Amino acid sequence: MPRLPRIIVAGALLPTVAALEVIFAADIGHPRQDAHDLTSPWPLDKSAWEGAFSLYEGLEDYIKRQGARPDALLVAGDVAYSGGAASVLNATSRAFERIFAGTPAEGKIFPSIGNHDVSFLGCTMAETRPYSAPCYYGQKYSIMRKSQEDLTYKQWQGNWQKYFPALNHHASSPKNLDSTFQWETPTRYTLDLEKKSSVHIIVGLDSGSWTLSRTEDTPESALETSTKEGVNPHCSFLRDSLEQGKRLGKTVFIYVTHNFAGSCDDWSLLQQVDVWIAGHRHAYWQNMEPGATLVQEQQHYPARIIVGNGGFDEGHIDVVSFVHMKEEVYEKNGVERVSLKFLVKDTCIGDETCPTSIWPNAHCWQKCKDMPGGVDHGGGPRKATDSKYGYGFTFDAMKEQVLVRRANRAVKLQLGTNSSKLRWVTLGKGAGHTVIIPTDDESKATVFTFYDGHVDGLTSTARLASWSKGHGPVSLASDSRTLFVEGNYWKADVKGKADVNLASGEVLKFMRDSEGHLVMLEVTWELDLDMGLQEQLIAAEGKALFLKKHEVLPPSEELVVLREESNDESELVAANVVI
């Protein structure tokens, strides 16, 4: 195996240069002056409480008083809960234009489509009647809370494009490589907001709707399912957008959808996404520790943000928040890199018991604490303040693309006590866990990826992710012995908190012996009587197994972020793999 460069993150820093700033929010309610429009029946009144108003007024404080100058605002779905009704879109757009007037973000307000942007009541479980019946665009509904025929697709699309004209002037549609889809706004598009920026923003369509059937005039490109067998529009759009970004020279990919779900299950695409921003769950959550710094070359799972606490109050969290992404270019040891700071700001801290009452009437933001000196339009002074919980993180990446072979590629593994007697590695059912077992049949071998690689003298460390259903990492059970595949990357609770975060997964150790054989340290095979004398992989101090890996995807030259920084002889393979 060729020795590839080592990543060095220490060294003298030169002054930073600002490149791109974008504000992200989701599940936003109504501005105070338009709280009367489409805020009934229950529970739509939750989008017109004090917390909802605070988002607009806190942003006004942030822009007008604190001097923030973002280049754009992107709302990740459920844009004032309108179903695309012209009156609400007009009011929401005018409110934001007043706030951002005179800043680079003026005229650059972008929506992503959520379930309440398709239909006022949100294409909920009430729409499954029968499942094949469409969820209609617009605001009309029956006494049974089922959407009724209102807007055609073209009328609905036209409303979004009229009241959010940035869709016509600043968004682009990547070319579909299969010639199957013609992507269009507002459902799927991309943003290249600054030519000098390294960031490519991909706005996808995962609305979180219970019913995915739409009116007959809806084009295939605006659907969440495809009538063509074997065609996945989510994967097709993501692939086309990534390719577009690479052609533009971008190195950081931000994916924005309203709902976070495994609608595209092609991990060869998903592992190229750096940051995934969503809403739908009416809370804030991030899959890394508050204040963490992530290095792109060491990541496998996308960094994830749920910022659904923008204005619809279900009592999940006591703050209303938005995220301000600031990209800065800096130089380290003669190499340009970019630092994306994701700053989380609160516009309301609830001034009541949280939650008040129980679901479905729970709430936290009917009242907000006053922030003296802030913007006050009748409900008390509002400010954008640093996250009450310290949320936010930094994402560090190379600025320029460097052509090398990817390292975090899919592999099958062989392990054994003898370098000439290796067995394939697969997964099996253990006592309450999906455990790691050997097999002599290569066709049954599980596909894995190594990531988060580091070198420490003669030994190296990395984590290991499975490509099995759920795509969980290899972790250590509470017995401190059993190694198993943990969780499901797509599974999340009602507040958006997921099974798998960036700290999940056991740190595994490796080295090469005197003959150059790769060795996995502190593990061994052990017979498990509960599994019918089946061997399984366990952690065992002082033990080791020989390891061999086999790529299962054909070698290909791909654009990844990598630069040689050291003559150190330790193997750090493309920064994601240390073996």
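All residue numbers refer to positions counted from 1 along the written sequence of the respective chain. Side-chain atom pairs in this predicted model are given and counted only at pLDDT of 80 or more, local residue features only at pLDDT of at least 70, and totals for whole chains, interfaces and linings cover all residues. Working from all heavy atoms in the structure, the side-chain values ignore hydrogens and water.

Here we take up the pattern of salt bridges. One speaks of a salt bridge when a side-chain nitrogen belonging to Lys or Arg is within 4 Å of a carboxyl oxygen belonging to Asp or Glu. Overall, the coordinates contain 19 salt bridges when judged by the stated rule. Residue Asp 178 pairs with Arg 239 through a salt bridge whose shortest N-O separation is 3.2 Å. Taken together, the residues Asp 178 in the loop between strand S4 (171-172) and strand S5 (189-191) and Arg 239 in helix H6 (residues 233-247) connect sequence positions 61 residues apart. Judged by relative accessible area, which is 43%, Asp 178 ranks as partly exposed. Buried, partly exposed and exposed residues are distinguished by accessible area as a fraction of the type maximum, computed with a 1.4 Å probe on protein chains only: under 20%, between the cut-offs, and over 50%, respectively. Judged by its relative accessible area of 22%, Arg 239 falls in the partly exposed class. Taking the shortest distance from any N to any O, the salt bridge between Glu 297 and Arg 337 comes out at 3.0 Å. In this pair, Glu 297 is assigned in the loop between strand S10 (292-295) and strand S11 (303-307) and Arg 337 in strand S13 (residues 335-349), connecting sequence segments 40 residues apart. Per residue, the accessibility class of Glu 297 equals that of Arg 337, and both read buried. Through salt bridges with shared partners, one network takes in Arg 32, Glu 50, Glu 57, Asp 370 and Arg 382. In this description a helix means any DSSP run of H or I spanning at least four residues, a strand means any run of E spanning at least two, and both kinds are numbered starting from the N terminus.

Let's shift gears to the confidence of the model for the protein chain. The pLDDT value tells you how sure the predictor is about a given residue, anywhere from 0 up to 100. For the protein chain, per-residue confidence averages 88 on the pLDDT scale, and 90% of positions sit at 70 or higher. Across residues 1-12, where pLDDT falls below 50, the model places 38 contacts with residues more than four positions away in sequence or in other chains. Taken together, the stretch residues 403-407 has pLDDT below 50 and engages in 20 contacts with residues farther than four places along the chain or on a different chain. Contacts: residue pairs with any heavy atoms within 4.5 Å of one another.

Along the chain, Asp 274 turns up in the loop between helix H7 (267-270) and strand S8 (275-278). Given a relative accessible area of 9%, Asp 274 falls into the buried group. At a separation of 2.8 Å, a polar atom in the side chain of Asp 274 contacts the main-chain amide nitrogen of Phe 253. Two N or O atoms count as a polar contact when they lie within 3.5 Å, although within protein this holds only if one can serve as hydrogen donor and the other as acceptor, and sequence-adjacent residues are included solely when both atoms are side-chain atoms. Of note is the side chain of Asp 274, whose polar atom sits 3.0 Å from the side chain of Gln 296. In this structure, Asp 274 is in contact with Thr 251, Val 252, Phe 253, Gln 296, Pro 302, Ala 303 and Phe 395, ignoring residues within four places of it in sequence.

Attention now moves to the pairing of strand S24 (residues 508-512). Of the strand pairs in this sheet, strand S21 (residues 459-466) and S24 are connected by three bridges, and their pairing is antiparallel. Its bridge partner being in S24, Ala 462 is matched across the sheet by Leu 508. Of the pairings in the sheet, the one linking S24 to strand S25 (residues 518-528) comprises four bridges and is antiparallel in character. The residue bridging Arg 512 from the neighbouring strand is Leu 518, located in S25. Pairing between two strands requires that DSSP report at least two bridges joining them.

Attention now goes to the nonpolar core. If you look at the biggest cluster of nonpolar residues, it comprises 111 residues, and the most contacted ones within it are Phe 24, Phe 96, Phe 100, Ile 201, Ile 254 and Phe 342. The contacts of Phe 100, once residues within four sequence positions are left out, are Ile 23, Leu 59, Ile 63, Pro 70, Leu 73, Ala 105, Glu 106 and Ile 109. In plain words, nonpolar cores are sets of buried Ala, Val, Leu, Ile, Met, Phe, Trp, Tyr and Cys residues tied together by side-chain atoms within 4.5 Å. Core analysis: the second largest hydrophobic core is formed by 22 residues, Ile 436, Leu 518, Val 523 and Trp 525 among them.

Our next topic: the sheet that holds S5. The seven strands lie next to each other as S4-S5-S6-S7-S8-S11-S9, forming an open sheet whose pairing is mixed. Only two strands of the sheet have a single neighbouring strand rather than two, namely S4 and strand S9 (284-286). When S9 meets S11, the two strands line up antiparallel, connected through three bridges. Note that in S11 the partner of Gln 286 across the bridge is Ile 305. Axes here refer to lines fitted to C-alpha atoms; in helices the fit is confined to the stretch in contact. Angles between the N-to-C directions go from 0 to 180 degrees. Those strands touched by H6 are S4, S5, strand S6 (199-203) and strand S7 (252-256), and its axis lies near 160° from that of S6.

One less than the residue count of a helix, multiplied by 1.5 Å, gives the span that helix is expected to have. For helix H2 (residues 86-100), spanning 15 residues, the distance from its first C-alpha to its last is 21 Å, which sits close to the expected 21 Å at 1.5 Å a residue. Buried within H2 are the following residues: Val 88, Leu 89, Ala 91, Thr 92, Ser 93, Ala 95, Phe 96, Ile 99 and Phe 100. Just past H2, the residue Gly 102 takes up positive phi, approximately 85°.

To continue, consider helix H4 (residues 153-163). Since there are 3.6 residues in each turn of an α-helix, residues three or four apart along the chain are aligned in direction. Buried residues of H4: Tyr 153, Trp 156, Gln 157, Asn 159, Trp 160 and Tyr 163, and no others. In an axial view of H4, the angular spread of the buried residues amounts to 155°, which keeps them on one side of the axis. Facing away from the buried surface of H4 by more than 90 degrees, the exposed residues are Lys 154 and Lys 162. Taken together, the buried residues of H4 touch H2, strand S3 (109-111), helix H3 (115-118) and helix H5 (166-169). It is the directions from the helix axis to the C-beta atoms that the arc portrays.

Now for the state of the cysteines. By definition, disulfides here are pairs of cysteine sulfur atoms that lie within 2.5 Å. For the structure on display, the rule yields four disulfides. The partner cysteine of Cys 123 in its disulfide is Cys 135, sulfur to sulfur 2.0 Å. Because the torsion about its S-S bond is -85°, the bridge between Cys 123 and Cys 135 counts as left-handed. Of this pair, Cys 123 sits in the loop between H3 and H4 while Cys 135 sits in the loop between H3 and H4; the two residues are twelve residues apart in sequence, bridging distant segments of the chain. Note on Cys 123: relative accessible area 1%, which makes it buried.

Attention now goes to the packing of helix H1 (residues 50-65) against H2. Across the interface, H1 lies against H2 with an axial gap of 9 Å and an inter-helix angle of 25°. Here H1 lies roughly parallel to H2, going by the angle between them. Within the contact between the two elements, H1 uses Tyr 56, Leu 59, Glu 60, Ile 63 and Lys 64 and H2 uses Thr 92, Ala 95, Phe 96, Arg 98, Ile 99 and Phe 100. A class-by-class count of the residues in the contact of H1 with H2 yields seven nonpolar, one polar and three charged. The scheme is simple: roughly parallel for angles under 35 degrees, roughly antiparallel for over 145, roughly perpendicular for 65 to 115, oblique for anything else. Amino acids outside the nonpolar list (Ala, Val, Leu, Ile, Met, Phe, Trp, Tyr, Cys, Pro) and the charged list (Asp, Glu, Lys, Arg) are all regarded as polar, and Gly is one of them.

A separate point is a nonpolar patch on the surface. On the surface, a nonpolar cluster with roughly 350 Å² of combined accessible area is contributed by Leu 527, Leu 529 and Leu 533. Look at Leu 533 and you get exposed, because its relative accessible area is 56%. Patch membership requires more than 30% relative accessible area and the absence of a salt bridge. Residues of like charge join within 9 Å; the nonpolar side chains Val, Leu, Ile, Met, Phe, Trp and Tyr join within 5 Å. For the accessible areas, the method is Shrake-Rupley and the probe is 1.4 Å, while residue cover comes only from the protein chains on display.

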